[in-house]
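# Chains, contacts and geometry: an overview
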Amino acid sequence: MTIITPEQETQDSADILRGLQEAIGALRREIEGLTEQTRSGGELKETAVSGNTSKVAGLLAHCLKAENTLNDCRNRQAGIARGGYALDMDKARADIGCKLDRLRRCSDPGAVSE
């Protein structure tokens, strides 16, 4: 059995996103080459242009999915639930401690546990 930790999931998502960014860079360079070819009066094949167009759409969809997955992983690590809510456990602990201290002062000190 393999245990996948949140840190590993975040790292995997980051690696996927980096790979997609590199693929987009390569595609961008290819499109720039086609653009330069048309500027210099060269003839373009329709298949080269349509192939790159479909590649762009596919890569963008994959990038969006990878970014969303990476953000979800980072939010889970930070303790942020879906929807952007997070619990500050240190603040909650301090607030509870203050309320228990008030109870101790108001009542029999032995009646409220430490």
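About the thresholds
- Residues numbered from 1 in each chain as written.
- Predicted model: local features only at pLDDT ≥ 70, side-chain atom pairs only at ≥ 80, totals over all residues.
- Heavy atoms only, no water.
- Helix = DSSP H or I, 4+ residues; strand = E, 2+ residues; numbered from the N terminus.
- Buried < 20%, exposed > 50% of the residue type's maximum accessible area, 1.4 Å probe, protein only.
- Contact = heavy atoms within 4.5 Å.
- Areas by Shrake-Rupley, 256 points an atom, 1.4 Å probe, with all protein chains shown as cover.
- Patch = residues over 30% accessible without salt bridge, like charges linked within 9 Å, V, L, I, M, F, W, Y side chains within 5 Å.
- Salt bridge = Lys/Arg side-chain N within 4 Å of Asp/Glu carboxyl O.
- Polar contact = N/O pair within 3.5 Å; in protein donor to acceptor, adjacent residues only side chain to side chain.

### Description of the overall build of the protein chain
- Along the protein chain, the regular secondary structure elements total three helices and zero strands.
- Overall, the protein chain shows an N-to-C arrangement of helices and strands of α-α-α.
- The proportion of buried residues among the 114 residues of the protein chain is 14%.
- In the protein chain, the share of contacts with a sequence separation of at least 24, taken over all contacts with a separation of at least 6, comes to 61%.
- Put simply, the protein chain shows about 9,100 Å² of open surface, and 56% of that area lies on carbon and sulfur atoms.

### Some words on a nonpolar patch on the surface
- A grouping of Ile-31, Val-56 and Leu-60 is seen on the molecular surface, where their side chains present a nonpolar patch of about 210 Å² in accessible area.
- With respect to the helices, strands and loops of the structure, Ile-31 is situated in helix H1 (residues 6-39).
- In this structure Ile-31 comes out as partly exposed when scored by relative accessible area, which is 31%.

### Describing the side chain of Arg-104
- Positionally, Arg-104 belongs in helix H3 (residues 89-106).
- Take Arg-104: its relative accessible area is 15%, and that puts it in the buried class.
- Within the local environment of Arg-104, its side chain forms a polar contact with the side chain of Asp-101, the two groups lying 2.9 Å apart.

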